[in-house]
Amino acid sequence: MNKRKRIRQAYADELYLKLLGWLMEDGRYRSTECSQQAAAEALGVSVYTLSAAISQSVQPRYNDIVNNLRLRDACEMLADASCSDMTAEYIGLSVGFASRQAFYVAFARQHHITPKQYRALHAV
């Protein structure tokens, strides 16, 4: 028997959109303090309810949502000529990853290449 909490799909979708809005506000997703607990509190729901809404929506986990937003920014910066003097490590830290290793692992998992290789392929 599936023990996962199920909520109405319309509510899950609404909560997911509110979460995205909260994360995007002032680039909050870049903060190392944007935990799932903080998000749940800000949205006035339990972590369990937020987790259910996320799993019923597009992403399987809260951290995937945050990492995808951070990686999107990192890719833009890696391809931007005005950021060419920034190291990949600096970019990873500036978009919110807690360490070089966390950035490189997440980047490689999503793009199947290193940030340096991505920069070489996409630099303008």
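Presented here is an overview of the structure given in this document. (Residues numbered from 1 in each chain as written. Predicted model: local features only at pLDDT ≥ 70, side-chain atom pairs only at ≥ 80, totals over all residues. Heavy atoms only, no water.)

### Things to note about the overall build of the chain
Summing up its helical and strand segments, the chain has seven helices and zero strands in all. Scanning the chain from its N terminus toward the C terminus, one meets helices and strands in the order α-α-α-α-α-α-α. By principal-axis analysis of the C-alpha atoms, the chain measures approximately 50 × 30 × 25 Å. Long-range contacts, defined here as pairs at least 24 residues apart, represent 63% of the contacts in the chain between residues at least 6 apart. When the accessible area of the chain is evaluated, it comes to approximately 7500 Å², of which 52% is carbon and sulfur surface. Side-chain charges in the chain split into 15 positive and 12 negative, and the spacing between the mean points of these groups amounts to 10 Å. (Helix = DSSP H or I, 4+ residues; strand = E, 2+ residues; numbered from the N terminus. Contact = heavy atoms within 4.5 Å. Areas by Shrake-Rupley, 256 points an atom, 1.4 Å probe, with all protein chains shown as cover. Lys, Arg positive; Asp, Glu negative; His and termini not counted. Charge placed at Lys NZ, Arg CZ, Asp CG, Glu CD.)

### Concerning the pattern of salt bridges
Counting across every chain of the model gives five salt bridges. A salt bridge links Asp-73 to Arg-30; its shortest N-O distance comes to 3.0 Å. Pair noted here: Asp-73 is in helix α4 (residues 62-79) and Arg-30 is in the loop between α1 (9-24) and α2 (36-43), with a separation of 43 residues, a long-range link. Judged by relative accessible area, Asp-73 falls into the buried class, the value being 6%. (Salt bridge = Lys/Arg side-chain N within 4 Å of Asp/Glu carboxyl O. Buried < 20%, exposed > 50% of the residue type's maximum accessible area, 1.4 Å probe, protein only.)

### With respect to the nonpolar core
Within the largest apolar cluster, 20 residues are counted, with the highest numbers of intra-cluster contacts made by Leu-19, Trp-22, Leu-23, Leu-50, Tyr-62 and Ile-65. Where this core is concerned, the elements lending two or more residues are α1, α2, α3 (47-56) and α4. Each residue touching Tyr-62, except ones within four places of it in the same chain, is listed here: Leu-19, Trp-22, Leu-23, Cys-34, Ser-35, Gln-36, Ala-39 and Ile-54. Judged by nonpolar contacts, the second largest core, of 14 residues, contains Leu-71, Cys-75, Met-77 and Tyr-118. (Core = buried A, V, L, I, M, F, W, Y, C linked by side-chain atoms within 4.5 Å.)

### A short note on α1
An α-helical segment advances 3.6 residues per turn. Residues three or four places apart therefore align on the same side. Across its 16 residues, α1 extends 22 Å between first and last C-alpha, which sits within 8% of the 22 Å expected from 1.5 Å per residue. Among all positions in α1, only Ala-12, Leu-15, Tyr-16, Leu-19, Trp-22 and Leu-23 are buried. All buried residues of α1 fall inside an arc of 125 degrees around its axis, so they share one side. Those residues of α1 that are exposed and aimed more than 90 degrees away from the buried face are Ala-10 and Leu-17. Looking at the buried positions of α1, the neighbouring elements they touch are α2, α3 and α4. (Expected span 1.5 Å × (residues − 1). Arc of directions from axis to C-beta.)

### Some words on the packing of aromatic side chains
Going through the model one piece at a time under the given rule, you end up with four aromatic pairs. Seen from their ring centres, Phe-103 and Phe-107 are 5.7 Å apart, and the 65 degrees between their planes marks the pair as edge-to-face. A residue pair is termed a helical-turn pair when its members lie 3 or 4 positions apart in one helix, as Phe-103 and Phe-107 do in helix α6 (residues 100-111) at four residues. Accessibility assignment for this pair places Phe-103 and Phe-107 in one class, buried. Site record: aromatic cluster; members linked through ring pairs are Phe-97, Phe-103, Tyr-104, Phe-107 and Tyr-118. Arg-70 extends its terminal NZ or CZ atom over the ring of Phe-97, reaching a point 5.7 Å from the ring centre. The ring of Tyr-104 is capped by Arg-100, whose NZ or CZ atom sits 4.1 Å from the centre of that ring. (Phe/Tyr/Trp six-rings, centres within 6.5 Å; stacked < 30°, edge-to-face > 60°. Lys NZ or Arg CZ within 6 Å of the ring centre and 35° of its normal.)

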